[in-house]
Amino acid sequence: MIEQARIEELRQKLNQYNYEYYVKDQPTVPDSTYDQLLRELTDLETQHPELITADSPTQRVGAAPLDAFEKVTHDLPMLSLGNVFDETEIREWVARIERSLGRATTYVAELKFDGLAISLKYEEGRLVRGATRGDGTVGENITQNLRTIKALPLRLRQNETVEVRGEAYMPKQSFERLNEDRAAREEALFANPRNAAAGSLRQLDSSITASRNLSVFVYGVGVNTLSARSHSEAMLQLAELGLPTNNEMQTCETVEEILAYIQHWTRERSNLPYEIDGIVLKVDRYDDQEELGFTAKSPRFATAYKFAAEEVMTTVEEVDFSV
Ligand code: NAD
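The structure displayed is predicted, hence computed values, not measured ones.

Reading across from one edge, β2-β11-β10-β3-β9 is the order of the 5 strands in this open sheet, with mixed pairing throughout. The two strands at the open ends of the sheet, each matched to only one other strand, are β2 (82-84) and β9 (250-252). Looking at each pair of strands side by side, their axes are set apart by 35° on average, direction ignored.

As structure tokens, this is what we get:
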């Protein structure tokens, strides 16, 4: 069967790209190419559900953690997000949510920070563990490296026990300075701030991470130990605890408000001091989120609108994990 051969070919390619991106922090194709191939595979698997396998890239999150780091099993899996690419798909996504719930609901639109997903565990207000997403179930313990990020409080303002999720990223200015320094030393350049952030955080020597000027935006909770009944309420509580949240999030009652937010940030994204690669849409109320549930790889109550590609591939640093 021609489809089966194409499915195999796509899986092989995507697995290779995943390895280069998640394990080596060194992609060889632009994200738009990856996204297109993944979409083609998803469509073929939808037409032929009997050919779906548990190890297909459509069913798996990220990649297995590096052996160089201690492993961390997440209390609640860290998933990926589904993607929407245009207005029609956004309208379809909203319509699907409202059909499932049987009524309209409130959404939150947020910037999609282009960095590395992290989990931060605070016990009685103290930062006790920081980890990468890894394959969604098991990540890498990078607590020492995350402790070097100045934006992250080592102690919360209250003695709360909470696991939060966020994105570690490299501001544009730090990225430009880093690549200028590397060019001056005739070292290979990082392809983009995302790869620079990922490479910087997965260093065995924390002093290298400390020198890279990373930052963090916290965008949600893992297991909800707060009193919040919605995502927007939880975000206010996290900000009050002293965590670095982003001010640009907006609640939207209609699809038109969602589209206006997307249009605004498509125009304005180049003026931000950090990179974003899209907009994340989330159903606000936790009880609605619970009702909508999850697929194998992502929540049904959230999705990511991806901006059209701008990326140009350049040579990237070989990160030496054996240091
Ligand atoms: P994703 O990046 O599409 O979405 C999930 C991630 O978004 C989360 O893990 C989180 O880290 C991040 N995020 C940023 N802001 C957020 C916010 N406000 N709220 C919630 N989450 C937020 O999915 P993914 O599984 O991390 O990565 C897949 C993407 O990575 C692909 O779409 C592709 O663009 C890229 N990729 C590229 C290659 C390549 O070879 N170029 C290979 C693999 C993956």
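Examined against the element boundaries, Q263 turns out to sit in helix α9 (residues 255-268). Classification of Q263 by C-beta neighbours within 10 Å gives exposed; the count is 11. Separated by 212 residues in sequence, Q263 and L51 place their C-alpha atoms 38 Å apart.

Near the ligand lie 23 residues; those nearest to it are Y17, Y21, D31, S80 and A117. Listing elements by their share of the shell around the ligand, those giving two or more residues are α1 (2-23), α2 (31-47) and β3 (107-113). Considering each element in turn, the shell around the ligand owes the most residues, 4 residues, to α1. Broken down by class, the residue content of the shell around the ligand amounts to 12 nonpolar, 4 polar and 7 charged.

Moving on: the sheet that holds strand β5 (residues 126-132). Think of a sheet as strands paired side by side through backbone hydrogen bonds, with each pair either parallel or antiparallel. Strand order in the open sheet formed by 4 strands is β5-β4-β7-β8, with antiparallel pairing between adjacent strands. With one partner strand each, in any of the chains shown, β5 and β8 (215-221) form the two edges of the open sheet. The sheet shows a mean angle of 30° between the axes of neighbouring strands, direction not considered. Direction of pairing for strand β4 (residues 116-123) relative to β5: antiparallel, over a ladder of 6 bridges. Across the sheet, the residue bridging to S119 is A131, located in β5. Contacting β4 and β7 (162-169), helix α6 (residues 193-201) runs over the sheet at an angle of about 125° to β7.

Looking now at unusual backbone geometry. Its identity as a non-glycine residue notwithstanding, D25 has a phi of 55°, on the positive side. Within the secondary structure layout, D25 lies in the loop between α1 and α2. Within the chain, E186 stands out as a residue other than glycine whose phi angle is a positive 55°. By the element assignment, E186 lies in the loop between α5 (172-184) and α6. For E186, a count of 6 C-beta atoms within 10 Å puts it in the exposed group.

Cross-referencing UniProt, the feature "active site" (unreviewed entry) maps to K112 in the present numbering. Inspection of the secondary structure puts K112 in strand β3. Residue K112 is classed as buried on the basis of its C-beta count, with 20 C-beta atoms lying within 10 Å. Apart from the residues within four sequence positions on either side, K112 is in contact with I276, D277, G278, I279, V280 and A304.

A few words on α9. If you check α9, its first and last C-alpha atoms are 20 Å apart, about what 14 residues at 1.5 Å a residue would give, namely 20 Å. Those residues of α9 that sit buried are I258, Y261 and W265. All buried residues of α9 project into a common sector of 60° when viewed along the axis, lining one side. Among the exposed residues of α9, those oriented more than 90 degrees off its buried face are E256, Q263 and R267. Buried-residue contacts for α9 involve α3 (87-101), β3, β9 and β10 (276-283).

Glancing now at the packing of α3 against α9. When two helices pack together, their arrangement is given by the angle between their axes and by how far apart the axes lie. It is the contact of α3 with α9, at a shortest axis distance of 10 Å, that shows an interaxial angle of 140°. Our pair here, α3 against α9, has a crossing hand that is right-handed. For the pair formed by α3 and α9, the contact residues are E87, I90, R91 and V94 on the first element and V255, I258 and L259 on the second. Here the residues of the contact of α3 with α9 sort into 5 nonpolar, no polar and 2 charged.

Okay, the pairing of β4 next. Most of β4 sits out of view: 6 of its 8 residues are buried. Here β4 runs beside β7; their pairing, made up of 7 bridges, is antiparallel. Looking across to β7, one finds that L116 is bridged to A168. Connecting β4 to the next strand, β5, in antiparallel fashion are 2 residues, including E124 with a positive phi near 50°.

Definitions and limits used
Every residue gets a number counted from 1 within its own chain, in the order that chain's sequence is written. Restriction of local features to residues with pLDDT of at least 70 applies here, the model being predicted, together with a cutoff of 80 or more for giving and counting side-chain atom pairs; totals for whole chains, interfaces and linings are based on all residues. Two strands qualify as a pair provided DSSP detects at least 2 bridges between them. Numbered from the N terminus, helices here are DSSP runs of H or I no shorter than four residues, and strands are runs of E no shorter than two. All axes here are fitted lines through C-alpha atoms, helices being fitted over the stretch that makes contact, and every angle between N-to-C directions spans 0 to 180 degrees. As a rule, residues whose C-beta atom has 12 or fewer other C-beta atoms within 10 Å are exposed, those with 20 or more are buried, and those in between are partly exposed; C-beta atoms are placed from the backbone. The criterion for a residue being near a molecule or strand is a backbone-placed C-beta atom within 6 Å of that molecule or strand. Asp, Glu, Lys and Arg are counted as charged, while Ala, Val, Leu, Ile, Met, Phe, Trp, Tyr, Cys and Pro are counted as nonpolar; the rest, among them Gly, fall into the polar class. Our contact criterion uses C-beta atoms placed from the backbone: two residues qualify when those atoms are within 7 Å. UniProt positions are given in the numbering used here, feature names are shortened, and annotations may be inferred rather than shown by experiment. Given the number of residues in a helix, its expected span is that number minus one, multiplied by 1.5 Å. What the arc measures is the spread of directions leading from the helix axis to the C-beta atoms. Left-handed describes a crossing whose near helix is turned anticlockwise from the far helix through less than a right angle; right-handed describes the clockwise counterpart.

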